[in-house]
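Notes for the structure review
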Amino acid sequence: MEWDWAFVWQIMPTLLEGLKITVLATVLGAIVAAVVGLVLAIARRSPSPAIARPVGLLADFIRGTPLLVQLYFIFYVLPDIGIRLAPLVAGVIGLGIHYGTYAAEVYRAGIDNVPRGQWEAARATNLSIRQTWMHVVLPQAIPPMIPALANYFIAMFKETPLLSAITVLELMNQAKSVANSSYRYIEPITMVGVFFLVISLISVVALRFLEERYARVDER
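Residues numbered from 1 in each chain as written. Predicted model: local features only at pLDDT ≥ 70, side-chain atom pairs only at ≥ 80, totals over all residues. Heavy atoms only, no water.

Here we come to the overall build of the chain. The number of helices and strands found in the chain is eight helices and zero strands. N-terminal to C-terminal, the α/β element order of the chain is α-α-α-α-α-α-α-α. With respect to the three principal axes, the spread of C-alpha positions in the chain is 70 × 50 × 25 Å. Taking all 220 residues of the chain together, 38% fall into the buried category. For the chain, long-range pairs separated by at least 24 residues make up 77% of all intrachain contacts whose partners lie at least 6 apart in sequence. (Helix = DSSP H or I, 4+ residues; strand = E, 2+ residues; numbered from the N terminus. Buried < 20%, exposed > 50% of the residue type's maximum accessible area, 1.4 Å probe, protein only. Contact = heavy atoms within 4.5 Å.)

Residues separated by three or four positions in an α-helix point in the same direction, a consequence of the helix having 3.6 residues per turn. Taking 1.5 Å per residue, 30 residues should reach 44 Å; helix α6 (residues 129–158) reaches only 38 Å between its end C-alpha atoms and comes up short. Maximal helix bending in α6 amounts to about 50 degrees, located at Leu138; proline Pro139 follows within four positions. (Expected span 1.5 Å × (residues − 1). Bend = angle between axes of the 7 residues up to and from the residue.)

A word on the environment of Thr26. Topologically, Thr26 is positioned in helix α1 (residues 5–44). Relative accessible area serves as the criterion here: at 11%, Thr26 is assigned to the buried category. Once the C-alpha coordinates of Thr26 and Val114 are considered, the two residues, 88 residues apart in sequence, prove to be 30 Å apart.

Once that is clear, we can look at the side chain of Thr101. Here Thr101 lies in helix α4 (residues 87–112). Using a relative accessible area of 1% as the deciding quantity, one classes Thr101 as buried. There is a polar contact of 2.6 Å between the side chain of Thr101 and the backbone oxygen of His98. Residues contacting Thr101, with those up to four places away along its chain left out, are Leu40, Ala59, Ile62 and Arg63. (Polar contact = N/O pair within 3.5 Å; in protein donor to acceptor, adjacent residues only side chain to side chain.)

Quick look at the packing of α1 against helix α2 (residues 49–64) now. Contact geometry of α1 with α2 gives a least axis separation of 8 Å together with a crossing angle of 140 degrees. The angle between the axes of α1 and α2 places the two elements in the oblique class. The way α1 lies across α2 gives a crossing that is left-handed. Taken together, the residues of α2 that come into contact with α1 (itself represented by Leu40, Ala43 and Arg44) are Ile51, Ala52, Val55, Gly56, Asp60 and Arg63. (Axes fitted to C-alpha atoms, helices over the stretch in contact; angles between N-to-C directions. Parallel < 35°, antiparallel > 145°, perpendicular 65-115°, else oblique. Left-handed = near helix turned anticlockwise from the far one by under 90°.)

Our next topic: the pattern of salt bridges. In a structure, side chains of opposite charge can pair up when their charged atoms sit close to one another. This model, assessed by the stated rule, comprises seven salt bridges. The salt bridge partner of Arg63 is Asp60, with a shortest N-O separation of 2.4 Å. Linking Arg63 with Asp60, this pair stays in helix α2, spanning three residues, or about one helical turn. Among the charged side chains, a network of salt bridges with common partners joins Arg44, Asp60, Arg63, Glu105 and Arg108. (Salt bridge = Lys/Arg side-chain N within 4 Å of Asp/Glu carboxyl O.)

This next bit is on the packing of aromatic side chains. Within this structure, the stated rule accounts for six aromatic pairs. Ring centres 5.1 Å apart and planes at 40 degrees place the aromatic pair Tyr72 and Tyr76 in the tilted group. On the criterion of helical spacing, the pair formed by Tyr72 and Tyr76 is a turn pair, its members being four residues apart in helix α3 (residues 67–77). Given the relative accessible area of 37%, Tyr76 is considered partly exposed. (Phe/Tyr/Trp six-rings, centres within 6.5 Å; stacked < 30°, edge-to-face > 60°.)

Laid out in structure tokens, this is it:
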């Protein structure tokens, strides 16, 4: 089968519509993952084993099971108990929770790297727990985390084709629809690969820029 550029331009609007959903799912999933990860990291640092241990077991369970299984559970199983979610909402929640468990470990490492003296100084100045976290700990812990978090979010972007399994009309689903209706697979599937490659490369370049910028600031 020969490559047909005319067909590529014909299907491009459909693929771009799918790409918009893919990017939207990634951005929203990243926001959910960032929040979930922070909550899990703080909970796992709780002095109460009744909180820290179950949270740790839950995070390990989520990391140890496939994302696709979790998406199926959220979209197809939860309706059996009365919880019905739109496909995109279910996909965003699935991505966010799954990668939130990985983000939690990044947060934990960053928080643990904050010198103990900073915590003691916060207590000595009578800062509340909230003030200590917001004004002392997180501003020091988050910048070194950015490269690792960005790597996970790039990985999340590349896993969005799994959302097609729960009927989200993202890039891969649109490409499959075009291919099935036209019986031409080489152009739509190849263009999907090109889109993912280009956006991933742009993200990697941006990540390298952030790492270099942070390194320069750290040296000062």
